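# Notes for the structure review
Listed here are the chains, written in short residue letters.
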2 protein chains.
Amino acid sequence: MERIDYCLIALRRILRATEMHGKELAQAAGMTPVQLRVAQIVAETGTSTGGAIARRMHVAPATITSMIDKLERAGHVERQRSHADRRQTIIALTDKGQDALSRAPDALQQRFAAAFEALEDWEQAMIVAALERVATMLDAGEAERGAVLYPGEF
Amino acid sequence: MERIDYCLIALRRILRATEMHGKELAQAAGMTPVQLRVAQIVAETGTSTGGAIARRMHVAPATITSMIDKLERAGHVERQRSHADRRQTIIALTDKGQDALSRAPDALQQRFAAAFEALEDWEQAMIVAALERVATMLDAGEAERGAVLYPGEF
DNA sequence: ATCCATTAGTTAGTCTATCGAACCAAATAG
DNA sequence: CTATTTGGTTCGATAGACTAACTAATGGAT
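Attention here is on the structure that accompanies the text. Everything numeric here is computed off the predicted structure, so don't read it as measured data. (Residues numbered from 1 in each chain as written. Chains lettered and ligands numbered in written order. Predicted model: local features only at pLDDT ≥ 70, side-chain atom pairs only at ≥ 80, totals over all residues. Heavy atoms only, no water.)

## Focus: helix α6 (residues 107–117) of chain A
All of the buried residues along α6(A) are A:Leu108, A:Phe112 and A:Phe116. All buried residues of α6(A) project into a common sector of 60° when viewed along the axis, lining one side. On the buried face of α6(A), the contacting elements are α1 (3–29) and α7 (121–139) of chain A together with α1 (3–29) and α7 (121–139) of chain B. (Buried < 20%, exposed > 50% of the residue type's maximum accessible area, 1.4 Å probe, protein only. Helix = DSSP H or I, 4+ residues; strand = E, 2+ residues; numbered from the N terminus. Arc of directions from axis to C-beta. Contact = heavy atoms within 4.5 Å.)

Shown next, in the form of structure tokens:
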């Protein structure tokens, strides 16, 4: 087998582990994976408008409206009309939402972080370099091919 | 910023690039991403039974039934009853399906492969080592925590 | 000052993916 | 030869996503 095959297999393992993990996490928080993602973005940005979340997640505004509906019905977030621009609705995490998020400790991230910290310095450096190399190889040309990056997007 | 943060950002870039790419590919094949995945598995295994695909993809049999329905309606695959065990239905790719798959050249994979092949030998080795290290760190404990691996699953 | 284009968000309707439960038919174990 | 297991399907429900049409607020340009 070629080296590149090992790469692809490893990448698929990474993808799969991440995805599986997302489901577990969401379970812990009592939401679906996508809802959790939305809630995390709201938490991360303090308060957010629907449009900002939509752009950040690369989905249509209508999708976010529906997600926020569900999160609101579950009491995880609240809508408030913006004073500055009354077209906007500000989304804020409720205490209950905060609570739910805290009940979803990012086990994967933590396990990874712990394992990573335990590595030798040179090995950490190697991994960072390799991951960035791979990321660049994978998303090269992304920008030119129509993917628009939005403010707040990485 | 810590080194681990760079890792996580690179990982997210990898995840995103892969996901975006899946959509493009599916578009090219005239299917949805999931349908493409199913078709690829059928192609890869020659012929497959529904159950095998379900286990391979970690979804419920009912889901595969519905996917196969769609692929069959689109003329991409065919169902045949197995002679050996008449409970089984064998899924086979049609010519049209084959064609659709070939129209979805795996651009990402190819771009990645090309970039990878162009690297120095030592760098290739480093990347393989790093990716496998990361994969192991991420999916460590996966097996114990109830994820069952099926034959044909890697 | 008023009209109009733009922007933010929602509503309605549609589609895909997914699941669990109930179910049928074939295979196999006692 | 029954009883159980296995493979797949049907059915109904739910989540996520999109488009198109709509409402409401903003902000220019005249």
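## Considering α7(A)
Note that an α-helix has 3.6 residues per turn; residues three or four places apart therefore point the same way. With 19 residues, α7(A) should cover 27 Å at 1.5 Å per step; its first-to-last C-alpha distance of 27 Å lies within 8% of that length. Every buried residue of α7(A) is listed here: A:Glu123, A:Gln124, A:Met126, A:Ile127, A:Val128, A:Ala130, A:Leu131, A:Val134, A:Ala135, A:Met137, A:Leu138 and A:Asp139. (Expected span 1.5 Å × (residues − 1).)

## Some points on the protein's contact with DNA strand D
A:Thr32, A:Ala60, A:Thr63, B:Gly51 and B:Arg79 are the nearest of the 23 residues found near DNA strand D. Between DNA strand D and the protein, one listed contact pairs a phosphate oxygen with a side-chain N or O atom of A:Thr63 at 2.8 Å. One of the side-chain nitrogen or oxygen atoms of B:Arg87 is found 3.0 Å away from a base oxygen of DNA strand D. Mapped by element, the contributors of at least two residues to the surface near DNA strand D are α2 (33–44) and α4 (61–73) of chain A together with α3 (50–57) and α4 (61–73) of chain B. By residue number, the principal contributor to the surface near DNA strand D is α4(A), which donates four residues. Here the surface near DNA strand D is built from residues that sort into eight nonpolar, nine polar and six charged. (Near = heavy atom within 4 Å. Polar contact = N/O pair within 3.5 Å; in protein donor to acceptor, adjacent residues only side chain to side chain. Nonpolar A, V, L, I, M, F, W, Y, C, P; charged D, E, K, R; others polar.)

## Quick look at the interface of chain A and chain B
Between chain A and chain B, the residue contacts involve 50 residues of the former and 50 residues of the latter. Between chain A and chain B, roughly 5400 Å² of surface is buried when both sides are summed, and carbon and sulfur atoms account for 67% of that area. Summed over the three residues of chain A that lose the most area to chain B, namely A:Arg3, A:Phe112 and A:Leu138, the buried surface amounts to 14% of that side. For the interface between chain A and chain B, the tally reads four salt bridges. A salt bridge links A:Arg133 to B:Glu123; the shortest N-O distance between them is 2.4 Å. (Buried area = accessible area lost by both parts, 1.4 Å probe. Salt bridge = Lys/Arg side-chain N within 4 Å of Asp/Glu carboxyl O.)

Distances and angles like these do not, on their own, reveal function.
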